[in-house]
Amino acid sequence: MKKITFLVLVGSLLAISPAFAATPAQKLVPLEYEKKVAKKQQKTTSNSSRKGAKAKSAVAPAVYDCRVEVAAISDSRNNKVTLGSTWAEPLLPQGLDTWLEAVRTQELVNHTSKWNGSRQLQIKPSLNRLYSYAESMNIHGVVSLNVEYWLDNKLVDTKYYRGVGSKANMMNALGEYATALNYAVHEVAPEVIEDAKQLCKK
């Protein structure tokens, strides 16, 4: 009887232990931010294209009457553990803080650092949702931000932004989920900058 009980106990442990040993290591999504690559325009030599280029170069750049300060992106998600799932397994983030700082620097700071003026604009972004998932032959990423705009220490606007990025599911690799999230940021960030421009136009 004791021998049977021992064998049952060992069998139970063997059945349980692999499930714990296999957890997050195989499902970590390595987040690494990459900016959107601008498409190269084809070169032309026609007279009309030369005239158009000269006309564009003659237009004075817009002036924004603000000095801009972009706060760190705070993490306000209800679920701070997972990023979504594959068809069968949960996805866990790796390097989220570094990724958020890269988004802040490359997409928000770099596009406003040369603005100068008499007013002070503070942009305070907060991450509400961040998830990625596989559907049919595609992988989707979703990013949503809440952004407060403070002009001369007064809250003048709060806006909600949501971006969706999609790509073909080539190998269902974890890096593809990260890429879809980057694509979602490419949709959101320009909207934030455009609203900041509206507040700072002379």
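Cut-offs and rules
Residues numbered from 1 in each chain as written. Predicted model: local features only at pLDDT ≥ 70, side-chain atom pairs only at ≥ 80, totals over all residues. Heavy atoms only, no water. Salt bridge = Lys/Arg side-chain N within 4 Å of Asp/Glu carboxyl O. Helix = DSSP H or I, 4+ residues; strand = E, 2+ residues; numbered from the N terminus. Buried < 20%, exposed > 50% of the residue type's maximum accessible area, 1.4 Å probe, protein only. Disulfide = S-S within 2.5 Å. Phe/Tyr/Trp six-rings, centres within 6.5 Å; stacked < 30°, edge-to-face > 60°. Lys NZ or Arg CZ within 6 Å of the ring centre and 35° of its normal.

## Brief notes about the pattern of salt bridges
Side-chain pairs of opposite charge can arise whenever the charged atoms involved come near each other. This structure, assessed with the given rule, holds five salt bridges. Here lysine 159 ties to aspartate 195 by a salt bridge, and the two come within 3.3 Å at their closest N and O atoms. Separated by 36 residues along the polypeptide, lysine 159 in strand 8 (residues 154-168) and aspartate 195 in helix 4 (residues 174-200) bring together distant segments of the chain. Overall, the relative accessible area of 29% leaves lysine 159 in the partly exposed class. Its relative accessible area of 18% is what places aspartate 195 among the buried residues.

## Digging into the state of the cysteines
For the coordinates displayed, the defined rule picks out one disulfide. Shown here is the disulfide that connects cysteine 66 with cysteine 200, its sulfur atoms set 2.1 Å apart. Between cysteine 66 and cysteine 200 the sulfur-sulfur dihedral comes to about -95°; the bridge is accordingly left-handed. A residue pair is termed long-range when its members are at least 10 positions apart, and cysteine 66 in strand 2 (residues 66-70) and cysteine 200 in helix 4 qualify at 134 residues. Of the two residues, cysteine 66 and cysteine 200, neither departs from the other in class, the shared state being buried.

## So, the packing of aromatic side chains
What the rule picks out here adds up to three aromatic pairs. Ring geometry for tyrosine 64 versus tryptophan 115: centroids 4.5 Å apart, planes at 35°, classification tilted. Here tryptophan 115 lies in the loop between helix 3 (96-109) and strand 6 (119-135) and tyrosine 64 lies in the loop between helix 2 (47-58) and strand 2, a separation of 51 residues in the sequence. Both residues of the pair, tyrosine 64 and tryptophan 115, count as buried. For lysine 124, the ring lying beneath its charged end belongs to tryptophan 150, and the centroid distance is 4.4 Å.

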